[in-house]
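Residue-level structural notes
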Amino acid sequence: MKPYTVEADGPIKDLTFIAEYTGDVDYLKNRENDDCDSIMTLLLSEDPSKTLVICPDKYGYISRFISGINNHNRFGKKKQNCKCVRYSVNGECRVLLVATRDISKGKRLYYDYNGYEHEYPTHHFF
Ligand SMILES: C[S@@+](CC[C@H](N)C(=O)[O-])C[C@H]1O[C@@H](n2cnc3c(N)ncnc32)[C@H](O)[C@@H]1O
């Protein structure tokens with residue numbers, strides 16, 4: 001089965017908010033045996049039992065289909081054209097994907113799945 005990817009449907013300017021990373025919010029401890037490949041850390045706590053994650057398996061948004069860069073070769077960083085950032089919105093932590101350069105129509109979107117933690121395996125990524 002061909003994996004889903006996301007391409008710009010028009011030009012996107014540097015620093016544009018592209019999409020929010022949405023889904024069910026849960027404690028990481030409840031999802032440790034979950035085989036979903038799209039779990040996103042929402043809030044890292046010093047107390048691991050309080051770390052929160054976003055799980056887009058039941059419902060989510062286009063952001064869950066954006067590709068990751070390969071962290072193990074020099075081409076990965078060159079491909080990166082957006083970034084995952086955490087914002088406080090009305091006192092709630094939200095994860096947003098933001099363009100890190102001008103992106104032309106038709107370009108595939110890529111961000112670093114290992115921007116904060118370094119646990120997502122990307123050796124096999126194109
Ligand atoms: C968050 S999902 C991205 C959407 C996924 N492509 C899909 O069809 O559901 C993460 C999974 O997508 C695949 N993936 C993401 N970026 C990739 C890349 N650059 N090369 C190959 N596979 C990639 C990997 O299988 C990874 O586990």
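Cut-offs applied
- Residues numbered from 1 in each chain as written.
- Predicted model: local features only at pLDDT ≥ 70, side-chain atom pairs only at ≥ 80, totals over all residues.
- Heavy atoms only, no water.
- Near = heavy atom within 4 Å.
- Polar contact = N/O pair within 3.5 Å; in protein donor to acceptor, adjacent residues only side chain to side chain.
- Areas by Shrake-Rupley, 256 points an atom, 1.4 Å probe, with all protein chains shown as cover.
- 1 Å grid on protein atoms, 1.4 Å probe; cavity = no way out; pocket = protein on both sides within 12 Å on 5 of 7 lines; lining within 4 Å.
- Sits in = over half its atoms within 2 Å of the grid points.
- Nonpolar A, V, L, I, M, F, W, Y, C, P; charged D, E, K, R; others polar.
- Pairing = 2+ DSSP bridges.
- Helix = DSSP H or I, 4+ residues; strand = E, 2+ residues; numbered from the N terminus.
- Contact = heavy atoms within 4.5 Å.
- Buried < 20%, exposed > 50% of the residue type's maximum accessible area, 1.4 Å probe, protein only.
- Salt bridge = Lys/Arg side-chain N within 4 Å of Asp/Glu carboxyl O.
- Phe/Tyr/Trp six-rings, centres within 6.5 Å; stacked < 30°, edge-to-face > 60°.
- Lys NZ or Arg CZ within 6 Å of the ring centre and 35° of its normal.

Per an unreviewed UniProt entry, the protein chain goes by the name BnaC09g46890D protein and belongs to Brassica napus.

A look at the site of the ligand
Around the ligand, 14 residues are found, and the nearest of them are Tyr4, Arg64, Gly68, Tyr120 and Phe126. In the environment of the ligand, an oxygen atom lies 3.2 Å from a nitrogen or oxygen atom belonging to the side chain of aspartate 37. Contacts to the ligand include phenylalanine 126, whose backbone N or O atom sits 3.0 Å from a nitrogen atom. If the ligand stood free it would expose 560 Å²; the protein chains cover 81% of that surface. Its atoms largely coinciding with the cavity grid, the ligand occupies the largest pocket. Here the residues of the shell around the ligand sort into 9 nonpolar, 3 polar and 2 charged.

Structural notes on the pairing of strand S6 (residues 82–89)
Pairing analysis gives 8 bridges linking S6 to strand S7 (residues 92–99), with the strands arranged antiparallel. Its bridge partner lying in S7, serine 88 is registered against cysteine 93. Linking S6 back to S7 in an antiparallel pair, the connection comprises 2 residues, with asparagine 90 at a positive phi of about 50°.

Here's the deal with the environment of glutamate 117
By the element assignment, glutamate 117 lies in the segment after strand S8 (110–111). Put simply, glutamate 117 and threonine 41 are 76 residues apart on the chain and 8.9 Å apart in space, counted from C-alpha to C-alpha. Those residues within four positions of glutamate 117 in sequence are excluded, and the remaining contacts are Thr41 and Leu44. A polar side-chain atom of glutamate 117 sits 2.8 Å from a polar atom in the side chain of threonine 41.

A closer look at the environment of tyrosine 4
Here tyrosine 4 is to be found in the segment before strand S1 (17–20). The exposure class of tyrosine 4 is exposed, given its relative accessible area of 62%. A C-alpha to C-alpha distance of 16 Å links tyrosine 4 and tyrosine 21, two positions 17 residues apart in sequence.

What to know about the pattern of salt bridges
Two side chains of opposite charge can pair, provided their charged atoms sit close to one another. For the coordinates displayed, the defined rule picks out 7 salt bridges. A salt bridge links aspartate 26 to arginine 31, with the shortest nitrogen-to-oxygen separation between them at 2.9 Å. With a relative accessible area of 17%, aspartate 26 lands in the buried category. Overall, arginine 31 belongs to the buried group, its relative accessible area being 12%.

What about the packing of aromatic side chains?
Here a ring pair, both rings aromatic, is described through the centre-centre distance and the interplanar angle of the planes. For the structure shown, the criterion picks out 6 aromatic pairs. A ring pair is formed by phenylalanine 17 and tyrosine 87, whose centres lie 5.4 Å apart and whose planes are at 80°; its orientation type is edge-to-face. You can see phenylalanine 17 sitting in strand S1 and its partner tyrosine 87 sitting in strand S6, a full 70 residues away along the chain. The partly exposed category is assigned to tyrosine 87, whose relative accessible area is 39%. Chaining the aromatic ring pairs together yields one cluster made of Tyr111, Tyr113, Tyr120 and Phe125. The ring of tyrosine 27 has lysine 29 lying over it, and the distance from NZ or CZ to the ring centre is 4.7 Å. Across from the ring centre of tyrosine 116, 4.5 Å away, lies the NZ or CZ of arginine 86, which sits over that ring.

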